[in-house]
Amino acid sequence: MLVLRGFQDPAEGRRTVEQEKLPQVASEILQSLLDCVLEALAASEQEGPAVPGAAQCWLNMFSGQMYCSIITMDAPKRFFTHALTQILTHSPVLKASDAVQMQREWSFARTPPLLTGLYQKLIVLLSPEEFLGHMQEVLDTREVNWRLVLSCVSTLVVCLPEARQLVGDWVARLVARAFENFDPESLVPAFLIERQAALEGPVFFPPYADWFKATFGSARGPHRRSKKALVFLFTFLSDLVPFEGPQYLKVHVLHPPLVPERLRPLLSDYVTLARTRLADLKVSIEDMGLYEDLSSGDPAQPHRQALQDVEKALEVFEHSGRIPTTVMEASIFRRPYYLTYFLPALLRPRVLPKTPDPRAAFIESLKRADKIPPSLYSDYRHACSAADQKKPERPMEKADPGTSGALGALEAALRTFQAAVADPVQEAAVSAHIAVVSERLLAVLEPDDTLAEVPVIPLDVLSPELGQPEQEAVDLLLTCFCQSLAAASSSTPPQRQGPWAELFVRLLCGRAVLPAVLTRLCQLLLHQGPHLSALHVVGLAALSVHLSELGPVLPHVDLGLPAFAQGLSIAAFLDMLLPCRTGISLLLCGRFCTAAIAYVLCKSPSASSDTGHGRLSPRLVKKFQFVVLRLFPEAQEPCSVLGDIPWRPLCLPSVDWTKAALHLWGHRAFRQLLEEREFQLTYRDWLQLELGIQPEADILSDVERRDFHQWAIHQHYLPEPISEGGCGGDLEVACRILTEEMIDHCQSSRGQERLENPDLVPRGRMVNPDILSRLQEMVAELELRQGGTAGGHFLFEVFRRRLQAMGSPVTVASSLLRQQELLLHKRVLLSLPPTVFFASLQRQPAAVDCDEFLCWVNSELRNLCCHGGALTHDITAHFFRGLLSISVRDQDPSLLVSLTLAACQTECPIILISALLWWPRLAPVLTCQWRQHLQSPLPRGLQQLAEARALAWSCLSLDTAPPTPASQPSWVSAAALHLAIQEVWREPGKKELQWLDWQQEEVLLFLLFFSMMGLLSAQLAPHEVSDSLRTVDVCVPILECLQKRKTAWVALFQLTETGAGLSRVAGAGLSRVLLQVASDQHIRMLPLAFFSLLPHLDPDTLVREDAFLHVAVDMYLKLVRLFVAGETSTLPTQAAQSQQDHQRDALGLITKARGFLLQSIPRCPERSCLNLMELLEASKDLDPEVSAALRKKLPVPPNLDPDPDRDPDPDPDPDLYREPRLF
């Protein structure tokens, strides 16, 4: 009645004088009551926490619900607005300067509960916009009690979810108005309000340092408008200096406002003043941490802050690969802290890992940069060696005296929070308890102010480590969450538990807390998963759901592995913590997924898929399907739809996980969930998970596993339509997908080769043998379906598509990736029947279709040759065994083999060269296989290979050369000779090569090329091929023999498909064969062979050849380009190991080649300088001196002007003479 009468609408009519006095009397009574309550609250703060019962009862009337059922809300709103004004202006004895010094004591956690409750009731009745608008009006028109104003701001930020944005906009308006009118009265509340809100922690409001840098640290700041604005800012900051706390002064000094160069003295004056104040407070910037939080309260102890600085520096170093700038600056400008605290914290003795980890790499980088004193580094190494002699103990830092007290306070706050969660009546007080927990947590985990600058969280999944205070605090938080969920679920289902879980997880996502939480989750799930109780599994599953929901706004996790170079999202990281490798990990994954999915479906039982299902990770749902189908055969049959999910039994210690999983499997909501494409376990998804299973640690026996594979492939996925993730009844599609996934799995396993935990990656093999057996069975069945011929051509389509997706290798890394991919392709082929090389068997005429394989060899496998133009033995033997296997199905097997080998001579000569190389090992195998079916001799094509080897050996041992069969190509004879020479020259002693004079020119050209390939192989792979010195001794006599015959051997160094330079001898045929037997790398490295052989030849004979100068200049330019591109970077080390004069050193070789050119150019005849204009244009940028020498050698163009009286043009256009032969 007092509210209705005292705050009625003034427009209402009044009848008598007595009735006109009634509102005034009622308002005076209410004012006196309010004053009494405020005085009682003030007295309680000084004398004790107890509040008089009368005041307690009177405060209960501030409830909008009390008035809603009695009167309209107009009068209560006017009363509450009046009450807010009286509260904010009650006893305004504190000045703004006092607020600057004392506002830390006015946080939400330190404000009396009755006062925060009063604020909350006022906020509920008044809209947030009205509440803030009235606060602004009071600040503009009245003198306020800053303690009550700022405690009201804290309550608003903690209890109102949208207050983060509203308060931020309010501060921005205050700052804009202050600089518009140069009014410090507006800037003071802006700073106070911003700092007060930031005191509640990052869960509720961003740190003050972030706001200061964002507002004044950019060119768009309000202080950049004019000099007057800048002077206004620094005057205001200077006025605050006598009252500022050290944490805010550090923010202003280390993150100063951005000022123009001409006004830098203003900043310098302020920095000097702030440093003086810090010195008076006995706070040294030089001794503060490199990454110390500058706005979170009291400064940390130096040794504790140094430990945090080391971890932060390691994060930045691991992410960027460079020493952080902050560390470099500290080593110069803040040397006392760097030497006294930072380096001792970094150089803590430990057992050094075999493979250097980020800490070891960081230490070595600092040592190379001379940032670690030699004596200190030596002591560190000795201490590490001593630690290696005994069982390593984890270094424990001496705890601060206040650490146990801080942990105790945090534990007490968590107990109070847990009690509030378990009591449905206290649901409204959850936010207040979260604020208290946040403040207690900041005392244990000091936030890192610069963490937001790093977009990822580095984490070592192999050995995740936490400091003692961090681990104790995180354990308290996780235990509280799990117990709170169980306590709340005992009486209330998840959908009616309120927002406590979301608020708590937001607390865990703070920038200082989240890395520790993720590290602890890694320890618990990945390393200690089997030991978790049911309570822990359910709680951590619910926690993961909320973390995944916040994932888009959280930083990614960097595991420091090439396979995860882009970082993992929070959802992907949590998924990685649940591997399906062994029987133990399968059981844990099944329990975890059951709890997480059940929690989501119970949390949003009637929500749409966009809101409810959006909380679920699709990967989590797919893993649940994989585990259920694998472990429970009854799930493979059609199931009946069940009712509601029993959530409460999951929170009991004696939960039956099998019953819970099968109940969830048949639940209506879950079946509806599986109708969405993103949650379906497709054939590819199943293969990805099944390939990771370790058979030796599987929960299924070998027989059970094979039966499950047969069911999954042939009964489940093969009949399923492709649109639903199956194979559409096509066995070839199933083989394609299995092959692709098997290769992808091998690639990912190699990318994780650093991981040694068996729950992360299988060791000792590249492919799951059971899945490989299924592929072999499916390929064999596919071959039978196609009428007895292999259907292996689909494999080469898979290979070709994957290689096309990789693109052309432009860097060394991409080239290595392509080689790795090709090795996997070869490994797949070798694991399948050899008939996969052949696609069909045509009857008229008899021929085997192996074009796909030959094309694959010519385009890709040729570049993997490490034997100088030959394939490895395994793939060669596999091809020939397949050829014999498929040929015996024909009426004339011998003819079929001969025709196929004749086709290989034309299309893929490297096959025959490989057979010549490995013939001693191939012959017994092929002979045995052939005689199992036929008693006739080997086919003529194979006999010719044996004859070629025999002729080559006889040529080396006889005084006269045996005749070469007319049916045998010259390159086959040359290849056989080359292989025989290699075997002979492995033995010590000088060998004579008189038989070279008996060979045909074409054979000698091929022989020279094969020998040069051997020379290059010895330089590129010295540990796999014989010494290159002996290959030079082979090449030189061949060159001398060709020079005697005046054969154009230099054309071998300019091979083209048309073979233009070789038309005199063999033309396009020779050029095409050579390009097909040499790898692309060997062709690119021909300049190395060219200039390696030149010193052994007569220079006078060389310069007389017409084509020599053109080839020499071209080879020199290509050699320089190779050096610039870095393709010769590995040669110097290898050369230095094999030859002391550094002849094969890339740079030395270029220098000698350049000197040889400069000496040879003047001696070459003029006819050899024709057609050099294009090379001249190319050389002017690479080597100006060589270009100048060539220009001098160019012939003077003849005078074609018929007028003898006309003066000749002194500077003719050289473009007129690009083709001198035309004249």
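For the structure, check the block above.
Chains are numbered independently. Their residues run from 1 in the order of the written sequence. Where totals are concerned, whole chains, interfaces and linings use all residues; where local detail is concerned, this predicted model gives features only for residues with pLDDT of at least 70, and gives and counts side-chain atom pairs only at 80 or more. Note that water and hydrogens are dropped before the side-chain values are worked out from all heavy atoms of the structure.

**Focus on the overall build of the protein**
Put simply, DSSP H or I for four residues or longer makes a helix, DSSP E for two residues or longer makes a strand, and each gets a number counted from the N terminus. The number of helices and strands found in the protein is 54 helices and four strands. Accessibility here uses a 1.4 Å probe with only protein chains present; expressed as a share of the type maximum, an area under 20% marks a residue as buried, one over 50% as exposed, and anything in between as partly exposed. When burial is assessed residue by residue, the protein has 52% of its 1223 residues classed as buried. Within the protein, contacts between residues separated by at least 24 positions form 76% of all contacts whose residues are at least 6 apart in sequence. Residue-level accessible areas treat just the shown protein chains as cover; the underlying method is Shrake-Rupley with a 1.4 Å probe. When the accessible area of the protein is evaluated, it comes to approximately 55,500 Å², of which 54% is carbon and sulfur surface. It only takes one pair of heavy atoms within 4.5 Å for two residues to be counted as in contact.

**Let's talk about the packing of aromatic side chains**
A pair of aromatic rings is counted whenever rings of Phe, Tyr or Trp (Trp by its six-membered ring) have centres within 6.5 Å, and the orientation is called stacked for planes under 30 degrees apart, edge-to-face for over 60 and tilted otherwise. All told, the structure shown has 45 aromatic pairs when counted by the stated rule. Their ring planes at 50° and their centres at 6.1 Å tell us that F837 and F879 sit as a pair that is tilted. Of this pair, F837 sits in the loop between α37 (812-831) and β3 (840-842) while F879 sits in helix α39 (residues 873-887), placing them 42 residues apart in sequence. Here F837 falls in the buried class, since its relative accessible area comes to 1%. Of the residues examined, F879 reaches a relative accessible area of 1% and is grouped as buried. With a centroid separation of 5.1 Å and an interplanar angle of 90°, the aromatic rings of F1090 and F1091 are classed as edge-to-face. Considered together, F1090 and F1091 belong to a single accessibility category, that of buried residues.

**Brief notes about the nonpolar core**
Most often, soluble globular proteins have nonpolar side chains that are buried together. Joining through side-chain atoms within 4.5 Å is the link that ties buried Ala, Val, Leu, Ile, Met, Phe, Trp, Tyr and Cys residues into a set, and such a set is a nonpolar core. The biggest cluster of nonpolar side chains holds 342 residues, and the ones touching the most others in it are F573, Y683 and W1049. Here this core gets 13 residues from one element, more than from any other, and that element is helix α41 (residues 909-931). Excluding residues within four positions of it along the chain, F573 makes contact with L459, V461, L518, C522, V557, L559 and L568. Counting 23 residues, the second-largest nonpolar core is a separate cluster that includes A306, V327, I363 and Y377.

**Details of the pattern of salt bridges**
Here, a salt bridge means any Lys or Arg side-chain nitrogen found within 4 Å of an Asp or Glu carboxyl oxygen. Enumeration over the complete set of coordinates arrives at 37 salt bridges. When the shortest N-O distance is used, the salt bridge between D357 and R350 registers 2.8 Å. A salt bridge links R706 to E777, with the shortest nitrogen-to-oxygen separation between them at 3.6 Å. You can see R706 sitting in helix α33 (residues 702-717) and its partner E777 sitting in helix α35 (residues 769-785), a full 71 residues away along the chain. Accessibility expressed as a relative area gives 38% for R706, which makes it partly exposed. Relative accessible area serves as the criterion here: at 30%, E777 is assigned to the partly exposed category. Salt bridges sharing partners connect three or more residues here, namely R630, E690, D698, D702, R705 and D770.

**Some remarks on the environment of L166**
Looking at the element boundaries, L166 is found in helix α10 (residues 163-181). Non-local contacts of L166, meaning those with residues more than four positions away in its chain, are made with P128, E129, L132 and L160.

**A look at unusual backbone geometry**
For residues that are not glycine, phi is negative in most cases, and the peptide bond is trans in most cases. One non-glycine residue, S91, adopts positive backbone phi at about 50°. Tracing the backbone through its elements, the reader meets S91 in the loop between α5 (74-88) and α6 (96-102). Taking the relative accessible area as the measure of exposure, S91 reaches 35% and is therefore partly exposed. Phi at K1046 is positive, roughly 55°, even though this residue is not glycine. Residue placement: K1046 occurs in the loop between α45 (1028-1044) and α46 (1068-1077). A relative accessible area of 68% means that K1046 is categorised as exposed.

**Thoughts on the packing of helix α11 (residues 184-198) against helix α13 (residues 227-240)**
Packed helices, taken two at a time, are described by the angle their axes make and the gap between the axes. Simply put, an axis is a line fit to the C-alpha atoms, just over the touching stretch for a helix, and the angle between two N-to-C directions goes from 0 to 180 degrees. Relative orientation of the contacting elements α11 and α13 amounts to 60°, with a least axis distance of 11 Å. When the interaxial angle is binned, α11 and α13 end up oblique. The handedness of the crossing between α11 and α13 comes out as right-handed. Where α11 approaches α13, its residues P184, L187, V188, F191 and R195 are matched on the opposing element by F232, F236, L237 and L240. For the contact of α11 with α13, the class distribution of residues is eight nonpolar, no polar and one charged. Note that the term roughly parallel is reserved for angles under 35 degrees, roughly antiparallel for angles over 145, roughly perpendicular for angles of 65 to 115, and oblique for everything else. Whether a crossing is left-handed or right-handed is set by the direction in which the near helix is turned from the far one by less than a right angle, anticlockwise for left-handed and clockwise for right-handed. Only Asp, Glu, Lys and Arg are considered charged in this grouping, and only Ala, Val, Leu, Ile, Met, Phe, Trp, Tyr, Cys and Pro are considered nonpolar; every other residue, Gly among them, is considered polar.

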